[in-house]
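The lines below spell out each chain.
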Amino acid sequence: MPCKNKNHLMLVLFFLVAAFYTKAQTVPFSGQVYSKDNNTSLSGASVQVKGSPVKTITDSLGVFKINAAKGAVLIISYVGYDNTEIKTNGNKDLKIQLNPANKSLQEVVVVGYGTVKKKDLTGSVASVNTKDFNSTPISDAGQAIEGKAAGVQVMSSGAPGSNVTFRIRGTGTINNADPLIVVDGVPTDAPLNNINPDDIASFDILKDASAGAIYGSRGANGVILITTKKGKNAKGQLSFNFFTGWQTAAKTVQMLNAAQFAALNNEMLANGNQTINPAFAKPDTLGNGTNWLGALLRTAPMQKYSLSLSGGSDKYTYYLSGSYLDQQGIVITTRYKRYALQFNSEAKVLDWLKFGNNITFTADDKPSGSYDIRSTMASNPVQPVYNKDGSYSNVLGNPLWYGDITNQIGTAHINQNDTKGYNVLGNIYAEITLASGLKFKSTGGIQAQFWDSRSWAPVYNFQPNPQTQAYLSEQYNKSLTFLWDNYFTYDKTFRTDHHLTLMAGTSAQNNRYDYMNGNIVNFPSSITQQLNDGTGVANIGGDASEWALFSLMGRANYSYQDKYLLTATLRRDGSSRFGADNKYGVFPSASVAWRISKENFFKNIQVINDLKLRAGYGVTGNQNIGNYAFASSLNVAQVNFNNNIVSMVYPLVLPNPNVQWEQVEQSNIGIDASLLHSRINISVDAYLKNSTKMLVPAVVPVTTGYSSTNVPSINAGNMQNKGIEITVNTHNLTGNLTWNTDFNIAFNQNKITSLNSSTPLYVDNYGLNANFGIDAVGHPANEFYGFVTDGLFQTQADVNKHAVQQAGTSKYNSTSPGDIRFKDLNNDGVINASDMTYIGNPNPQFIYGLGNSFSYKGFDLSIFLQGIYGNKIFNANNIYQESMNTGENQTVRTNQRWEGAGTSNYMPRAIYGDPNNNSRVSTRYIENGSYLRIKNITLGYTFPKAILQHIKFSSLRIYASCNNVYTFTHYSGFDPEVGVNGVDYSVYPVTRTMSIGINLNL
């Protein structure tokens, strides 16, 4: 026992001595952390003993205290500053300076034919963080930037393989208002879904004319610059990205079930003095019937694989990737497959000579059946999809009872539509260093597009619209565009304070488009589906068109002491699309900036660490007017002349040799500020954009002998956009838990200031024999035009004391109680076209986006919101689906229809034939298009490197994500994102996607 107690005592003494010895090795250190640029103390800086969990933060004066061993290394970090390591040695009172990182200001931005650091920008350029392209499941680069850039509106569809529509700072013309897209220096009209988002390194948007004027006649609607990834001077890295997901309709429109439809049909026919369907005598017995939308829509899988290899040395770098996307659509039989290959490389063969290339190859396939969203909504719920024998059912009987919609599920499966595309986009280049600071670059680019479409419909007996003869149509298209750019760049710093960059060069581009098509009917068998197999009369066609553009361009960038900045550009374009007297146009721009924070008087202002004012003015053009607007359009026809059939060529459209460029003059002022050691970054821009010489239809008298309907365009229109854009980025929390916020909002007002005459231009009839939109002086583009509703007539007395809407002899053929009352705006006692007015603006008052990203150790969470406010939607689907005047199905909102005095004041009576024309274009179909969408939520986890090093992985991240999580809106249709003109007619529904994925680097 004594021996055992002695052993215990020795063990206790050992631990006491060890503890004392260990404590003796750590000594207290104190110090102060401050900024090197303005000598201000940094509160909240992190101070950690390297290789130890011991950690503290600085107080409000930047002072800290920490225990560390002699000779230990302290790591000091602070948001907006470079990390610093300090060896303690014997100094216990440390003075530590941190260098401002200003990483965002040092970022390089692509500006066209060159790059510039963000801090040196003088124009309005938005850069989208492409990190999100890899960290979230994205199939289309266009969709990835929705809500991410101030002033850039992105509209997308749920249809697989569909391309997005961009509007930069509003709609700039009543014609083609799409921006120019440039990929690796090659201007292209190829859709963005041809590019694998994982291959994109930078996504920059030139918004104002001072930035976009370098693209001259094509920069009027803004310029989107995409740069694909390059290899680095490092060992090879293999990256693999994968996600799989499931898509559903974010929202569907509820239609009447069989019982509700039968009850409404009975009421409609009785009110219209028609015979009621005996089969509908007891509507309640019919139950729910067929949900046609439910049969057309499905849960659709999608998956994407992307594999890349990059690396290189100081002599050669490379980036090679391949990807595969398979996206089935939520509408049955729709699908999109894309195969993409990217190869970028650069070789420094001599100290003064480099060669490189950027090449993208894609192949895609978009099959679909013959479907129609609006017709599916209209399908009779009493009719089943299939007969008892499994065949597709038919509409059999009176169309007033059962409607006249062909089985939409049958046609979707049986009819075949398919488009296949094969695309090459890229360039090869050589760069020569001629002298110190002087370089010459020559680039040859190509865009080769080949696509073919095929439609096949076999014989089928779907009543009431049977396909009595098999039909085949095919078309083959080829578009080849070649580019040759040559330019010099001179970059030099003089006497430390003066920095000058000059660029001057030429650009030549030409395109030729060819197509051939043919169709034929009457095939003896559905097995033989070639044009040669049809026995009917074959119809063939084909055409070709060309355009060319040659340009001289120059740009100068000058800065003095990094405080005073100047950018000036000039471009002269010559285009084949204009007549001899107007082939050439000159597009100048200039912008200046003042970095106030570099001034001596500003150095004592500690809250703001960087402040820059910008101002710019420029002129850009729009040459997207068609290839031969200056010449007469010729037609070929056959006529009977003296009892002989002879061929003739005649001019259809009056030529306009004076047609010119559409032109945009834009002024921009802006301010960029970085506050609290770059924890808050703000950019504000205000702009005035005047579009002049806008092409509008000319008035051609029939006495000229030319067509008065097919008319030339003349430069007689003007349009104005003005607005304010605000972007805010903040670093809210740092350390183990980080929280960053990105917010942007853009206000814009659009107005047409001049047209060819006082007569407005009608747009958007969608084949419905009704014009929804109108372009008129003093009003925004595409404003809705129609009658103004004023409730419903409740009694015959209400009808009698109001202006005459539809005279008749009975309630069956005249305005009656339950009909819509339209306002008599001119008080003439008659409701007619003179009472139509402007009833809704499809252009939003503002658009916005808000993103929050969090990380804690290996976990990351991002939540992104996006929305628009102040726009109206014309719900054209309801012209039919809430008309209650035919045998088509209606929305469930018609259950609130008028059935007697006081029963409703917004949904009219159901009556066959609609004698009051309740379905005319009016405010009845105008709805609030504002929405706030939870666009994406992604939760990920990155495995610790300590674990990965055992399996030779550089990094591994897994994630789960949901796109289009929920939309807050008052819109009654499928989704408020309906398109640029604000008309919802048979639009493919927006999808909600749940997905999981991995990001792996070796």
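Residues numbered from 1 in each chain as written. Predicted model: local features only at pLDDT ≥ 70, side-chain atom pairs only at ≥ 80, totals over all residues. Heavy atoms only, no water.

Points about the overall build of the protein chain
- Along the backbone of the protein chain there are 13 helices and 49 strands.
- Computed over C-alpha atoms, the radius of gyration of the protein chain comes to 34 Å, within 12% of the 30 Å expected from 2.2 N^0.38 for 1002 residues, which places it in the range of a compact globule.
- Its C-alpha atoms give the protein chain principal-axis dimensions of about 115 × 90 × 65 Å.
- Relative to its 1002 residues, the protein chain shows a buried fraction of 49%.
- In the protein chain, once contacts between residues fewer than 6 apart in sequence are set aside, the share between residues at least 24 apart is 69%.
- Summing over all exposed atoms, the protein chain offers an accessible surface of approximately 45200 Å²; the carbon and sulfur share of this is 56%.
- Across the protein chain, the centroid of the 79 positively charged side chains sits 12 Å from that of the 68 negatively charged ones. (Helix = DSSP H or I, 4+ residues; strand = E, 2+ residues; numbered from the N terminus. Rg over C-alpha atoms; globule rule 2.2 N^0.38 Å. Buried < 20%, exposed > 50% of the residue type's maximum accessible area, 1.4 Å probe, protein only. Contact = heavy atoms within 4.5 Å. Areas by Shrake-Rupley, 256 points an atom, 1.4 Å probe, with all protein chains shown as cover. Lys, Arg positive; Asp, Glu negative; His and termini not counted. Charge placed at Lys NZ, Arg CZ, Asp CG, Glu CD.)

Quick word on empty space enclosed by the protein
- Counted according to the given criterion, the structure contains seven cavities of 30 Å³ or more.
- Reported here for the largest cavity is a volume of approximately 410 Å³.
- Around the largest cavity sit 40 residues that line it, and Q153, M155, P844, I847 and I868 are the ones nearest its centre.
- Looking at the lining of the largest cavity, the elements with two or more residues in it are strand 11 (152-155), strand 35 (737-754), strand 42 (846-856) and strand 43 (859-869).
- Among the elements that line the lining of the largest cavity, the one with the most residues is strand 35, at five residues. (1 Å grid on protein atoms, 1.4 Å probe; cavity = no way out; pocket = protein on both sides within 12 Å on 5 of 7 lines; lining within 4 Å. Points joined across faces, edges and corners; volume = space filled by probe spheres on them.)

Describing the side chain of N750
- Position of N750 relative to the elements: it lies in strand 35.
- Reaching out from N750, the side chain makes a polar contact with the side chain of N721 at a distance of 3.1 Å.
- For N750, the side chain forms a polar contact with the main-chain nitrogen of A781, separated by 2.9 Å. (Polar contact = N/O pair within 3.5 Å; in protein donor to acceptor, adjacent residues only side chain to side chain.)

Overview of unusual backbone geometry
- In this chain, Q463 is followed by P464 through a cis amide linkage whose omega measures 10°.
- Topologically, P464 is positioned in the loop between strand 23 (438-457) and strand 24 (471-494).
- One non-glycine residue, D562, lies in positive phi territory at about 60°.
- As for its placement among the helices and strands, D562 is situated in the loop between strand 26 (539-560) and strand 27 (564-575).
- Positive phi is not limited to glycine here, since N964 has a value of about 55°.

What about the sheet that holds strand 44 (residues 872-875)?
- The sheet built from three strands is open, its strands ordered 45-44-48 with mixed pairing. Only two strands of the sheet have a single neighbouring strand rather than two, namely strand 45 (926-928) and strand 48 (983-984).
- Taken together, the two bridges between strand 44 and strand 48 define a ladder with parallel strand orientation. What sits directly across from N875, in strand 48, is D984. (Pairing = 2+ DSSP bridges.)

Side note on the layout of surface pockets
- Taken as a whole, the second largest pocket spans an internal volume of roughly 800 Å³.
- Along its surface, the second largest pocket is lined by 33 residues, and N176, P179, T188, D189 and N624 are the ones closest to its centre.
- Going through the elements one at a time, strand 12 (165-168), strand 13 (180-183), strand 14 (186-188), strand 23, strand 24, strand 25 (498-521), strand 26 and strand 29 (608-622) are the ones with two or more residues in the lining of the second largest pocket.
- Looking at the lining of the second largest pocket residue by residue, the classes come out as 13 nonpolar, 16 polar and four charged. (Nonpolar A, V, L, I, M, F, W, Y, C, P; charged D, E, K, R; others polar.)

Side note on the nonpolar core
- One finds I145, F166, F203, I205, I224 and I226 to be the most contacted residues of the largest nonpolar core, which totals 25 residues.
- Elements with a minimum of two residues in this core: strand 10 (125-128), helix 4 (141-144), strand 11, strand 12, strand 13, strand 15 (200-206) and strand 16 (223-228).
- For this core, the leading source of residues is strand 15, giving three residues.
- Not counting the four nearest positions on each side in its chain, I145 is found in contact with V128, F133, V154, F166, F203 and I205.
- Counting residues in each nonpolar core, the second largest holds 22 residues, with L293, L296, A300 and M377 among its members. (Core = buried A, V, L, I, M, F, W, Y, C linked by side-chain atoms within 4.5 Å.)

With respect to the environment of V63
- By secondary structure assignment, the location of V63 is in strand 4 (residues 63-69).
- Given a relative accessible area of 31%, V63 falls into the partly exposed group.
- Residues V63 and V47 lie 16 residues apart in sequence; the distance between their C-alpha atoms is 10 Å.
- When residues no more than four places from it in sequence are discounted, the contact partners of V63 are G31, Q32, I57 and T58.

Things to note about the confidence of the model for the protein chain
- Here the protein chain averages 90 in pLDDT, and 95% of its residues register 70 or above.
- Within the protein chain, strand 40 (residues 820-822) carries the highest mean pLDDT (97), whereas helix 1 (residues 2-25) carries the lowest (45).
- A low-confidence stretch, residues 1-6 stays under pLDDT 50, and its non-local contacts, those more than four residues away or across chains, total zero contacts.
- Throughout residues 11-24 the model reports pLDDT below 50, and contacts reaching past four residues in sequence, or to other chains, amount to zero contacts. (pLDDT = per-residue confidence, 0-100.)

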